[in-house]
Amino acid sequence: MIESGTHEPDADPAAWHLPDGTALRYERPAPSLRSLIADYVVLDSDPAVFKGPSSWLLPGSPKLWVALTPDVRIKTRSRPISELGAAVLIGPSSITMPTESRGGVSIVIEPTPRGWARLFDVSAASLRDRIVPLDQHLRAGWTAEMLARLHACDRGADVKSVLDAFFIERLPSPTEHEDGIARIEQLIVDEAGSGDILGWAARADIGSPRTLARMCESYFGFGPKLLQRRHRFLRVFAAMLIAPEPVDFRIVPPGYHDVPHFLRDARHFLGMTARQFLAMPMLYLRAALRARTAVLGTPLPLLDAPEPPA
């Protein structure tokens, strides 16, 4: 297996409490890429040691998922388990997705909304809660070249430099909407619990609410109201997942009017109650959330403070 860790200083993988037979790396992209790509993740497991249970993908940012070994599987609520191809695009999501792995290395690249604008010519809304072959939407030849470079590296510590070079060489110039997308990113973080959507267009200096809605759909995958709800919920729920003590559901979470308000969001985004989800072991997911928090400051990319424009 690969060696768990990161190129970031002062991170101790022992504190992540990974299950036996698993490995994990989180890497911060090069400075010129950080407004466009939130992180690189390298996942590995030894099927002779780690036999589950299966894990989950939480709702959130789109992902370029490269399986360097073939037996990694994901399913959505509407589809049975299906094998991933060598490289897939997981669209922006508002639902949990159960995953299965029987060993081997996978590499995940998580673009920001500004990164989506540069990488893809398709609306993010058209791929929300979907999984499609990456080469259907990435520029011609890019997927094959990325796979070749990743297969040729050590699949561990070298991954960051390989992907940094790949994207620095290829990413096109900023789109005309990039500054507006950055302002929307900041609004989502700042106002996740405010409930005030109507003034977003003015505060983001976007123009009309219709233009705001169109930009949210195109680059974030969802309208502003759902983006706000998703951010508010995941900010609370990710903290619950890695909390050392059991969750007291009598306490109103930050940003919510009351406990039933939170529980309705939980049912929507998780497809089950919050109590049911938290009762599952999910050792690898919890370790990954702890690791990302230690390395990058937050457990999920969409909770990051937006980077200044590249």
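Everything numeric here is computed off the predicted structure, so don't read it as measured data.

The rules behind the values
- Residues numbered from 1 in each chain as written.
- Predicted model: local features only at pLDDT ≥ 70, side-chain atom pairs only at ≥ 80, totals over all residues.
- Heavy atoms only, no water.
- Helix = DSSP H or I, 4+ residues; strand = E, 2+ residues; numbered from the N terminus.
- Expected span 1.5 Å × (residues − 1).
- Buried < 20%, exposed > 50% of the residue type's maximum accessible area, 1.4 Å probe, protein only.
- Arc of directions from axis to C-beta.
- Contact = heavy atoms within 4.5 Å.
- Polar contact = N/O pair within 3.5 Å; in protein donor to acceptor, adjacent residues only side chain to side chain.
- Pairing = 2+ DSSP bridges.
- Axes fitted to C-alpha atoms, helices over the stretch in contact; angles between N-to-C directions.
- Parallel < 35°, antiparallel > 145°, perpendicular 65-115°, else oblique.
- Nonpolar A, V, L, I, M, F, W, Y, C, P; charged D, E, K, R; others polar.
- Core = buried A, V, L, I, M, F, W, Y, C linked by side-chain atoms within 4.5 Å.

**What to know about helix α8 (residues 259-270)**
Owing to its 3.6 residues per turn, the α-helix aligns residues three or four sequence positions apart on the same side. Its 12 residues give α8 an end-to-end C-alpha distance of 16 Å, which sits within 8% of 16 Å, the value for a rise of 1.5 Å per residue. Turning to α8, its buried residues number three or more, namely Val259, His261, Phe262, Asp265, Ala266, Phe269 and Leu270. Along the axis of α8, the buried residues cluster in a sector spanning 155 degrees; they form a single face. On its buried side, α8 packs onto α7 (224-242) and α9 (274-279). You can read the cap of α8 off the contacts: a side-chain oxygen lies 2.8 Å from the backbone nitrogen of histidine 261, and it is on aspartate 258.

**Brief notes about the pairing of strand β4 (residues 63-67)**
The element β4 is largely enclosed, with a buried count of five among its five residues. Burial of β4 is two-sided: the residues Lys63, Trp65 and Ala67 facing one way and the residues Leu64 and Val66 facing the other way are all buried. With four bridges connecting them, β4 and strand β7 (residues 87-90) associate as antiparallel partners. Bridge pairing links valine 66 to alanine 87 in β7.

**Brief notes about the packing of helix α4 (residues 178-190) against helix α6 (residues 209-219)**
The contact between α4 and α6 brings their axes to 11 Å, and the two run at 90 degrees. Here α4 lies roughly perpendicular to α6, going by the angle between them. Only Leu212, Met215, Cys216 and Tyr219 of α6 make contact with α4, whose side of the interface consists of Gly180, Ile181 and Ile184. Each residue belonging to the contact of α4 with α6 can be placed in one class, and the counts come to six nonpolar, one polar and no charged.

**Side note on the nonpolar core**
Ile107, Met146, Leu150, Leu163, Phe167 and Ile184 are the most contacted members of the largest nonpolar core, which has 52 residues in total. Among the elements that make up this core, the one with the highest residue count is helix α3 (residues 159-170) (five residues). Aside from chain neighbours lying at most four places away, what touches isoleucine 107 is Val41, Val42, Leu64, Trp65, Val66, Leu68, Leu150, Val159 and Leu163. Formed by 25 residues, the second largest nonpolar core is a distinct cluster that contains Trp56, Met272, Leu278 and Leu302.

**Here we look at the pairing of strand β1 (residues 22-27)**
Counting buried residues along β1, six of its six residues qualify, which places the element largely inside the surrounding structure. What you see with β1 is no split at all: Thr22, Leu24 and Tyr26 on one side and Ala23, Arg25 and Glu27 on the other are buried throughout. With six bridges joining them, β1 and strand β2 (residues 37-45) adopt antiparallel strand pairing. Within the sheet, the bridge partner assigned to tyrosine 26 lies in β2 and is valine 41.

So yeah, pure geometry; function would need other evidence.
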